[in-house]
Structures are given as C-alpha cells and as structure tokens.
Amino acid sequence: DYRNSIKAIWAKTSTSQYSLSSNGLFFKIDAALTEQNFVVFGNNNLSSTSTSNLPVGVAVRSKRIWHLYESGTVETNVIFDISDVTGNNATVGASSNYKLLYRSGTSGDFSVAATANGVSGDNITFSTVSLNDGYYCLGATSNGNI
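Residues numbered from 1 in each chain as written. Predicted model: local features only at pLDDT ≥ 70, side-chain atom pairs only at ≥ 80, totals over all residues. Heavy atoms only, no water.

1. A closer look at the nonpolar core
For the record, the criterion: Grouping buried Ala, Val, Leu, Ile, Met, Phe, Trp, Tyr and Cys residues that are joined through side-chain atoms within 4.5 Å yields what is termed a nonpolar core. With a 1.4 Å probe rolled over the protein chains alone, any residue whose accessible area is under 20% of its type maximum counts as buried; one over 50% counts as exposed, and the rest are partly exposed. Helix and strand definitions here come from DSSP, where helices need a minimum of 4 consecutive H or I residues and strands a minimum of 2 consecutive E residues; each element is numbered from the N-terminal end. The criterion used for residue contact is that any of the two residues' heavy atoms lie within 4.5 Å.
Ranked by size, the top nonpolar core spans 28 residues in total, and within it Val78, Phe80, Tyr98, Phe126 and Leu131 carry the most contacts. Secondary-structure elements contributing two or more residues to this core are strand 3 (25–29), strand 4 (38–43), strand 7 (66–71), strand 8 (75–81), helix 1 (82–86), strand 9 (98–103), strand 12 (123–130) and strand 13 (134–140). In this view, phenylalanine 126 contacts Thr76, Asn77, Val78, Phe80, Tyr98, Lys99, Leu100, Ala114, Thr115, Ala116, Asn117 and Leu138; residues no more than four positions away in its chain are not counted.

Structure (structure tokens):
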C-alpha cells in the first residue's frame, strides 16, 4: 500500500542536500550520513484530507501517509508541499498550526511527533526531526490549513 513514489536518502557527504520528493514529502539533510544511516520512504498515493485517527488538538490530516524504513540514526528537516500532498489550495497558516503526525503501525491513532517551525509558500518545514520506522503524515489544527 505504501509503494508509490519510493525514494531514499543515504550517504550524504555535502551540506544542505535535499532528497527527491515523494508526492509532496522531501527531506533536507544538514549533517553527513554514513552508509549505515539511511531512510527509504514511499506513500499510499491518496489525496485530500481526513479527520480520522487524530491526536488531541489536531483537526485534520492528510490522507496521504508515508511509510519510512530507517536504518541507523537519521536526523533531518522534514518538508511537506501542501498542494502536492493533498491536492488542495489551502490557506497556509502560521507554522505552529502544523503537526508532523506519526504512528508505528498501519492503523490506530497518530501522535504528534513535531510542530512545524517554518512556512515558505505552501511548504511546511519541521526542523531537526529524529526519524523512526513507521508512518507519517501532515496534520493541522484548522481544517482550512491543508
């Protein structure tokens, strides 16, 4: 189910390197990665939004969910392009309105892994996130923001 637009990040040797986008999700690596530290990620290819499986304080999330397989330790900036993720022309709000949602399995409620700290156009940035194996999506505290 999560085999769409499979991408990876690994063995980064220069600074400020970006991964390729997996339908609206990409990473910006600021510190070098060794070959033992990498992430492979793909998504379920759904668009629009959902109000299911939300943590307290989150009103809506993307239906598009990414499965990440991590090896070793990867700390990165996580960036979502809202229009690519949801297909919506959202009214982008303050960065504090956006939450990186995580769950370890394919079902159940998400938890908040991070609060965004940057907005540029319709790109939402979560800085210096320590990634884990599991499932990630974009959440917002207001329905109109994604």
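Let us keep going from here.
2. Side note on the pattern of salt bridges
Let me state the cut-off plainly: Each reported salt bridge corresponds to a side-chain nitrogen of Lys or Arg within 4 Å of a carboxyl oxygen of Asp or Glu.
Within the structure shown, the criterion is met by 1 salt bridge. One salt bridge in this structure joins lysine 28 and aspartate 30, with 2.7 Å as the shortest N-O distance. Among the residues examined, aspartate 30 registers a relative accessible area of 40% and is labelled partly exposed.

3. Concerning the packing of aromatic side chains
Stated formally: Here the aromatic set is Phe, Tyr and Trp, taking the six-membered ring for Trp, and pairing holds for ring centres within 6.5 Å; pairs whose planes are under 30 degrees apart are stacked, those over 60 apart are edge-to-face, and all others are tilted.
Within the structure shown, the criterion is met by 7 aromatic pairs. A ring pair is formed by phenylalanine 38 and tyrosine 69, whose centres lie 6.2 Å apart and whose planes are at 50°; its orientation type is tilted. A residue pair is termed long-range when its members are at least 10 positions apart, and phenylalanine 38 in strand 4 and tyrosine 69 in strand 7 qualify at 31 residues. We classify phenylalanine 38 as partly exposed; its relative accessible area is 23%. The exposure class of tyrosine 69 is partly exposed, given its relative accessible area of 43%.

4. Points about the environment of alanine 114
Within the secondary structure layout, alanine 114 lies in strand 10 (residues 111–115). Accessibility expressed as a relative area gives 17% for alanine 114, which makes it buried. Sequence spacing of alanine 114 and threonine 128 is 14 residues, and the spatial spacing of their C-alpha atoms is 9.5 Å.

5. Overview of the sheet that holds strand 8
Our working definition: Here, any two strands with at least 2 DSSP bridges between them count as paired.
On the basis of which strands lie adjacent, the open sheet formed by 5 strands has the order 2-3-8-12-11 and antiparallel pairing. Strands at the two margins of the open sheet, each flanked by one partner only, are strand 2 (17–18) and strand 11 (118–120). Note that strand 3 and strand 8 share 4 bridges and pair antiparallel. Opposite phenylalanine 26, over in strand 8, you have isoleucine 79 as the bridge partner.

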